[in-house]
Each structure stands twice: as C-alpha cells, then as structure tokens.
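Residue-level listing of the chains:
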Amino acid sequence: MIENSIKKLVTYGLETGLIEKEDAIYTANALLETLGIDEYEEPLEEYHDVELETALSEILDYACEKGLIEDSVVYRDLLDTKLMSKLVARPSTVIKKFWELYEKSPETATDFYYKFSQDTDYIRRYRVKKDLKWKTETPYGEMDITINLSKPEKDPKAIAAAKLAKQSGYPKCLLCVENEGYAGRVNHPARQNHRIIPITVNGKPWGFQYSPYVYYNEHCIVLNREHTPMQINRDTFCKLLDFVKQFPHYFVGSNADLPIVGGSILSHDHFQGGHYEFAMAKAPIEEKVALRGFGNLEAGIVKWPMSVIRLRSEDREELVNAADQVLKTWRGYTDEEAFIYAKTDGEPHNTITPIARKRGDIYELDLVLRNNITTEEHPLGVYHPHGKLHHIKKENIGLIEVMGLAVLPARLKDEMGKLAEVILEGGDLRAFEATEKHADWAEEFLKRYPAVTADNVHEIIRSEIGSVFREVLEDAGVYKRTPEGKVAFLKFIASV
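Here the residue index of a chain counts from 1 through its sequence in written order. Owing to the predicted nature of the model, reporting of local features is limited to residues with pLDDT of at least 70; listing and counting of side-chain atom pairs is limited to 80 or more, with chain, interface and lining totals taken over all residues. Side-chain calculation: all heavy atoms of the structure are included, whereas hydrogens and water are not.

**Q** Any chance you could explain the overall build of the chain here in plain terms?
**A** Helix numbering and strand numbering both begin at the N terminus, where a helix is a DSSP run of H or I of at least 4 residues and a strand a DSSP run of E of at least 2. From N to C terminus, the chain includes 17 helices and 15 strands. Note on method: radius of gyration uses C-alpha positions; expected globular size equals 2.2 Å times residues raised to 0.38. Expected size for 496 residues packed as a compact globule is a radius of gyration near 23 Å; at 25 Å, the chain falls within 12% of this value. The dimensions of the chain, computed from C-alpha atoms along their principal axes, are 80 × 60 × 45 Å. Summary of the burial criterion: residues with accessible area below 20% of their type's maximum are buried, those above 50% are exposed, and those between are partly exposed, where the area comes from a 1.4 Å probe applied to protein chains only. Put simply, the chain has 496 residues, and 54% of those count as buried. Working rule for contacts: check all heavy atoms of both residues, and any pair within 4.5 Å makes them a contact. In the chain, the proportion of contacts linking residues at least 24 apart, taken out of those at least 6 apart, comes to 64%. Where accessible areas are quoted, they stem from the Shrake-Rupley method and a 1.4 Å probe; at the residue level, only the protein chains shown are allowed to cover. Approximately 22900 Å² of the chain is accessible, and the part contributed by carbon and sulfur atoms is 49%. His residues and chain termini do not enter the charge count, which takes Lys and Arg as positive and Asp and Glu as negative. To locate a charge, take NZ of a lysine, CZ of an arginine, CG of an aspartate or CD of a glutamate. Once the 63 positive and 80 negative side-chain charges of the chain are each reduced to a mean point, those two points are 4 Å apart.

Here it is in structure tokens:
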C-alpha cells in the first residue's frame, strides 16, 4: 500500500533529523504531489528504524506499476532523488548549520555534513556497501583494493533515450555548482538532494561536497565555483595548504593536469580529500635530500612505487616556494638516458600529482612526478599500467590510485568468481571468455601455491590482484626502484 510506504519515508525523515515533527504533514503532501496522488489517509501502523532502500523501492515499484516512470535504474534514480528532495532543507539552512558547528570544531562540522549527505541519499549507502574492499600487504605497506560496484549500469532503453535526448550545456559538467538542486535527465544525474558548502580557498570562492561514490571514508571534493580547467601551478600548492589549515583532519590532493596521468575531469578545477590515511601517507622518507635555499624544510624521497618527493615544514610560504621550484624544474626537465622528455613535438609531458596534509603544526606536501609520454610499444603511456596488467587495470592512474587505493572495474567481480570456479575444477582457463584474458597471469601465480582449495582460492586471487596493483604503480613511477633509477632521481633533485 502506497500510504504505508509514504509514511515509512516520512518516518525515516523524522528518525534521521532531516525533518521535524512539525514538517510531517507538509512532507507527506509534497510526496503525494510528486506521485500525483489526491487521496491519502495516514496509516495507523507505526514504523521504527526505517530502511531507506526498502521504503524508496516500494514507492518506485508503485510508480512503475502506475506508469509514472519506466522500470529502469536511470528513471528510478531520477524519481527517488526527487522524492528525497522533499525531505531536504534548503541550501542556506544546511550552510548555516555547518558553519555554526565549525565554530565548535572543523571535525564536528564535517561529521554533520557527511551524515547529512548519506541520510539524504545523495551518498547511497546501500550501493556503496556493494563495493568489494580488501587490503593487501606489499613491500610498501598495506594497500587498499576496491572493485567498484556502486555505480549502476544503465540499461539499453536509458542509453537509447540518452542518445535521442537534446544535448544540454547546463550544468556544464558534473562538478559545477549549478548541479545543486538540479532535477537531472536521462544523461545527467538528478541532484535535488545535493547541497554544497561554500568555502574560501586562498581568497577565492570554492565549494565543498562529498563524492556520491565514496571510495574511502569522507571522500570529499573541493571545487572551484567557476567552471575553469585544472592547472597545477604555484597557486595549487597555496590552495591545498590553505584547505588543510581550515580542515586539519583531512588530507587533500589534486589529480595531475595532463591527459593519461590526470585520471579525472580535467575541464573543472577541483581537488579530492577526506578523512583517511592511505598507505602512501604512512610510507616513510627513505632518502633525505637537501634543497638549496630552503633551510627550514625537511625533504626526501618516499619509499613508494611511484616517484614521490615529500616536503615538510611549519612555514607554509617556504613549502609553497619549494614545491613551485620542484614543479617548474620538472616541467622543463629532460633526461634522455632515463627516458624522460619534457616535450615532444611541442606537447608537454611532465607534471605533478600533489597531496597535502597537516600533522600537528607541520604541513606536508607529497609531490608525485608524472609523465604522460606514449610510444608504439606503450600507446596508452610509458608510465601507465603496461599491457600485461590490462586484464586487471587498464584505466588511468589518478590521485586515488597514486596514494595506494586501487579502484578496479566492476567486471572483475564476475570474472574472478569464474576464475576461482575453473581453477577448482582444474578446467581450461582459455575455454571461457571471462577467464581467457586472465589465463597467463593465473597459470603463473598458481605455481607458487602447492594447494589451492575452496577455502583459500578467493584469498589467493585477492592477494594476487594486490600484487598486480603494486606492479601498476611501479609501471606508473617515472624513476624505477633500481640503482639506476635512484641515481637518475637524485640527478633530478640536484637540478632542483
């Protein structure tokens, strides 16, 4: 009965604090209007601990039965976001509460905002739970692996409708502030339940929000209020350090500003951050270095598969100056012996993926050297996962992967399940489409395991996926972890 489902959703709003008891009738009427229902008698039954996914699913099933929407994940998502918007306060109310709580502490404010973003279903908890996550030991520390299952697959009807839909330039992209409250369409997600916190970063108006697909705890996005392309420059370091000054319990970083090594929406200037410590942040400096002219600075090469220079200081200005010096030097740096070219045919190749954090009074910047040169042998990038790893990871290596969290494609869930099945049966890995691409890899790693059983096969496969991710990052490192690579890395640092 639709009346029961509406009452459940109103009760959910009351239980989460999205609405007050005085808002209950108003909210029920707003939901009735959205569904085109004229008659309503509130059920006598009382509900407790309402599960949002169930309540919404019941209402969406009703909408499909009545022909209000197509029974497709795209149309269901458009409607359930519209329904949730009836429980969500206006931006000004949310912003006011955030900054009132910030006066107590930045962490109190973000705790409220993160819970709010989940309660409003902007972050769909029940989908994020579907992601497969585990940790894997490597010589560089314990890395995180996730197979992303939270982004729903579009069905053929919705794909066809999106092709026929009028192309709109509003909002310009998924990161624009104009997404706040936007109704969405078949080729753009609904965001009526989305609220952005305005912040000032290095004197400029920016926005603070969470990613709807949280890959780690409190995965946030910090975005320029203007739709302007990403750039890594001196100002970037100022912004990153200013953000961690305001939110010292968060790290923040930027994807690189060139294709292949960017791994992100390069058309809109933004950062990603959160309340999480990645393996790279825990990795120690293994070789201290001195940067001439920067006496109040600790600097060194980080024990990490990619090429990372860590700078530490209480003095933000000196940190920015040193990072800018590293960036400017790297932009123009060529070392043919190490196969590093600043430019070929006028196309720039060198840039940096920067990450900032604050430890007590000390500010810390990790500068990850990146290069996007391609060759006939490596058409997707020399410093990119090489071909033999593409069966696991072919996509760009962006900020999140750089720090030690593998975001792997959803296809791997079924492929790894089939791989385990064929291994246990002693079957031919090349006989099945799902396992053929993994055959060479599996045959190689199985040699190291004298006994593979139903009890350990999945753990073995997960561990070996972790080893592949370590190789992915080693491929992406511009200086290899060899004696020759170390010499070449120190040669660059000397040039800084």
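The rest of the description comes next.
**Q** Please clarify how the state of the cysteines should be interpreted in this entry.
**A** In a disulfide, the sulfur atoms of two cysteines are covalently bonded to one another. Two cysteine sulfurs form a disulfide in these notes if their separation is within 2.5 Å. The full count for this structure, using the stated rule, is zero disulfides. Sulfur of Cys-220: no disulfide; nearest cysteine sulfur belongs to Cys-173 and is 17 Å away.

**Q** Sorry, what's going on with the nonpolar core here?
**A** Soluble globular proteins tend to bury their nonpolar side chains together. Think of a nonpolar core as a cluster: buried Ala, Val, Leu, Ile, Met, Phe, Trp, Tyr and Cys residues, connected wherever their side-chain atoms sit within 4.5 Å. One finds Phe-208, Val-222, Leu-291, Leu-311, Leu-369, Tyr-479 and Phe-492 to be the most contacted residues of the largest nonpolar core, which totals 96 residues. Ranked by residues supplied to this core, first place goes to helix α3 (residues 52–65) with eight residues. Counting residues in each nonpolar core, the second largest holds 50 residues, with Leu-149, Ile-392, Phe-445 and Leu-473 among its members.

**Q** Looking at this model, I keep getting lost on the side chain of Thr-27. Mind explaining?
**A** Take Thr-27: it is sitting in helix α2 (residues 24–35). Judged by its relative accessible area of 1%, Thr-27 falls in the buried class. Not counting residues within four places of it along the chain, the set of residues in contact with Thr-27 comprises Val-10, Ile-19, Lys-86 and Leu-87.

**Q** Would you take a moment to explain helix α15 (residues 439–446) for this structure?
**A** An α-helix turns once per 3.6 residues; consequently, residues spaced three or four apart project the same way. Of all the positions in α15, only Ala-439, Trp-441, Ala-442 and Phe-445 are classed as buried. Taken around the axis of α15, the buried residues stretch over an arc of 160°, which confines them to a single face. Where α15 is buried, its residues touch α13 (411–425), α14 (433–436) and α16 (457–476). Arc definition: it is the arc formed by the directions from the helix axis to the C-beta atoms.

**Q** Explanation requested: the pairing of strand β9 (residues 298–302) in the structure shown.
**A** Both faces of the sheet carry side chains from a regular strand, because those side chains alternate between them. In terms of burial, β9 is largely enclosed, as four of its five residues are buried. Two strands make a pair as long as DSSP finds a minimum of two bridges between them. Here strand β8 (residues 285–289) runs beside β9; their pairing, made up of four bridges, is antiparallel. Pairing of Glu-287 across the sheet is with Ile-301, part of β9. Bridge analysis of β9 against strand β10 (residues 308–313) gives four bridges, and the strand direction is antiparallel. From the neighbouring strand, Ala-299 faces β10, where its bridge partner is Leu-311. If you look at the hairpin formed by β9 and β10, you'll find five residues sitting between the two strands.

**Q** Got a minute to help me understand the pairing of strand β13 (residues 350–359) in this structure?
**A** Within β13, eight of the ten residues are buried, which leaves the element mostly enclosed by the surrounding structure. With two bridges joining them, strand β6 (residues 251–253) and β13 adopt antiparallel strand pairing. Counterpart to Gly-253 in the pairing with β13 is Ile-355. Relative to strand β14 (residues 362–371), β13 runs antiparallel, the two being bridged by ten bridges. When the sheet's bridge partners are listed, Ile-352 is paired in β14 with Leu-369. Hairpin remark: β13 followed by β14, antiparallel, with two residues in the connecting loop; positive phi at Gly-360, about 65°.

**Q** Could you clarify how one ought to interpret the packing of aromatic side chains in this entry?
**A** The geometry of an aromatic ring pair is captured by two quantities: the separation of the ring centres and the angle between the planes. Only Phe, Tyr and Trp rings take part, Trp by its six-membered ring, and two of them pair if their centres are within 6.5 Å. Stacked means planes under 30 degrees apart, edge-to-face means over 60, and tilted covers everything else. Considering all chains together, one arrives at 31 aromatic pairs under this definition. Among the aromatic side chains, those forming a connected cluster through ring pairs are Phe-98, Trp-99, Tyr-102, Tyr-113, Tyr-114, Phe-208, Tyr-210, Phe-243, Phe-247 and Tyr-250. Only when the NZ of Lys or the CZ of Arg is both within 6 Å of the ring centre and within 35 degrees of the ring normal is a charge said to sit over the ring. Over the ring of Tyr-363 we find Lys-358, and its NZ or CZ is 5.1 Å from the ring centre. One residue, Lys-418, lies across the ring of Phe-432, its end atom 4.2 Å from the ring centre.

**Q** Got a minute to help me understand the sheet that holds β8 in this structure?
**A** In any sheet, the strands associate via hydrogen bonds between backbone groups, in a parallel or an antiparallel arrangement. With respect to topology, ten strands assemble into an open sheet ordered β3-β4-β5-β7-β6-β13-β14-β10-β9-β8, the strand pairing being antiparallel. Each end of this open sheet is capped by a strand with a single partner; those strands are β3 (197–201) and β8. Across the sheet, the mean angle separating the axes of adjacent strands is 25° when strand polarity is ignored. Throughout, an axis means a line fitted to C-alpha atoms (over the contacting stretch in the case of helices), and angles, computed between N-to-C directions, take values from 0 to 180 degrees. Relative to the sheet, helix α5 (residues 91–104) contacts β3 and β4 (204–210), its axis offset from that of β3 by approximately 55°.

**Q** What should I look at first to understand the sheet that holds strand β15 (residues 405–408) in this one?
**A** One open sheet holds the three strands; their spatial order is β1-β2-β15, and the pairing between them is mixed. The open sheet has two edge strands, β1 (132–138) and β15, and neither has a second partner. Averaged over all adjacent pairs, the angle separating strand axes in this sheet is 20°, with direction ignored. Note that strand β2 (residues 141–147) and β15 share four bridges and pair parallel.

**Q** Would you take a moment to explain the environment of Glu-103 for this structure?
**A** You can see Glu-103 is positioned in helix α5. Since its relative accessible area comes to 67%, Glu-103 is described here as exposed. Once the C-alpha coordinates of Glu-103 and Glu-286 are considered, the two residues, 183 residues apart in sequence, prove to be 39 Å apart.

**Q** Looking at this structure, how should I read helix α6 (residues 106–119)?
**A** Its 14 residues give α6 an end-to-end C-alpha distance of 20 Å, which sits within 8% of 20 Å, the value for a rise of 1.5 Å per residue. Turning to α6, its buried residues number three or more, namely Ala-109, Thr-110, Phe-112, Tyr-113, Tyr-114, Phe-116, Ser-117, Gln-118 and Asp-119. After α6 finishes, the residue Asp-121 shows a positive phi value of roughly 75°. Every helix has an expected span of 1.5 Å times one less than the residues it contains.

Purely spatial values, then, with no claim about function.
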